[in-house]
Amino acid sequence: MSHEQESYGLHLGFKIAKLALQAATVAAAFCGVHELHKIHHRLKKEQHHKVLGK
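What comes next is a walk through the structure. (Residues numbered from 1 in each chain as written. Predicted model: local features only at pLDDT ≥ 70, side-chain atom pairs only at ≥ 80, totals over all residues. Heavy atoms only, no water.)

1. Regarding the overall build of the protein
Here is step 1: From N to C terminus, the protein includes one helix and zero strands.
Here is step 2: Here the C-alpha atoms of the protein give a radius of gyration of 23 Å, more than 25% beyond the 10 Å that 2.2 N^0.38 yields for 54 residues.
Here is step 3: Within the protein, buried positions represent 0% of all 54 residues.
Here is step 4: Looking at the protein as shown, the accessible area adds up to about 5,300 Å², and 68% of this sits on carbon and sulfur atoms.
Here is step 5: Computed over 8 positive and 4 negative side-chain charges, the separation of the two mean positions in the protein equals 23 Å. (Helix = DSSP H or I, 4+ residues; strand = E, 2+ residues; numbered from the N terminus. Rg over C-alpha atoms; globule rule 2.2 N^0.38 Å. Buried < 20%, exposed > 50% of the residue type's maximum accessible area, 1.4 Å probe, protein only. Areas by Shrake-Rupley, 256 points an atom, 1.4 Å probe, with all protein chains shown as cover. Lys, Arg positive; Asp, Glu negative; His and termini not counted. Charge placed at Lys NZ, Arg CZ, Asp CG, Glu CD.)

Quick look at the structure:
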């Protein structure tokens, strides 16, 4: 394998790793927002029950 082929392979590997890291970041952000939404919904529901005296 020539130096150019090795360099291209390394460059491609880094691009793939960067893309995978970006995808993982988006997935983590989505999961975080989803969890926050669930917490917010639960707190809102508890507050509603306190107002109604349940």
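Picking up where we left off.
2. Concerning a nonpolar patch on the surface
Here is step 1: On the surface, Tyr 8, Leu 12 and Ile 16 cluster together into a nonpolar patch covering about 330 Å² of accessible area.
Here is step 2: When you line up the elements, Ile 16 lands in helix H1 (residues 3-52). (Patch = residues over 30% accessible without salt bridge, like charges linked within 9 Å, V, L, I, M, F, W, Y side chains within 5 Å. Salt bridge = Lys/Arg side-chain N within 4 Å of Asp/Glu carboxyl O.)

3. A word on the environment of Arg 42
Here is step 1: Within the fold, Arg 42 resides in helix H1.
Here is step 2: Separated by ten residues in the primary sequence, Arg 42 and Gly 32 place their C-alpha atoms 15 Å from one another.

4. Quick word on the environment of Glu 35
Here is step 1: With respect to the element layout, Glu 35 can be found in helix H1.
Here is step 2: For Glu 35, a relative accessible area of 39% puts it in the partly exposed group.

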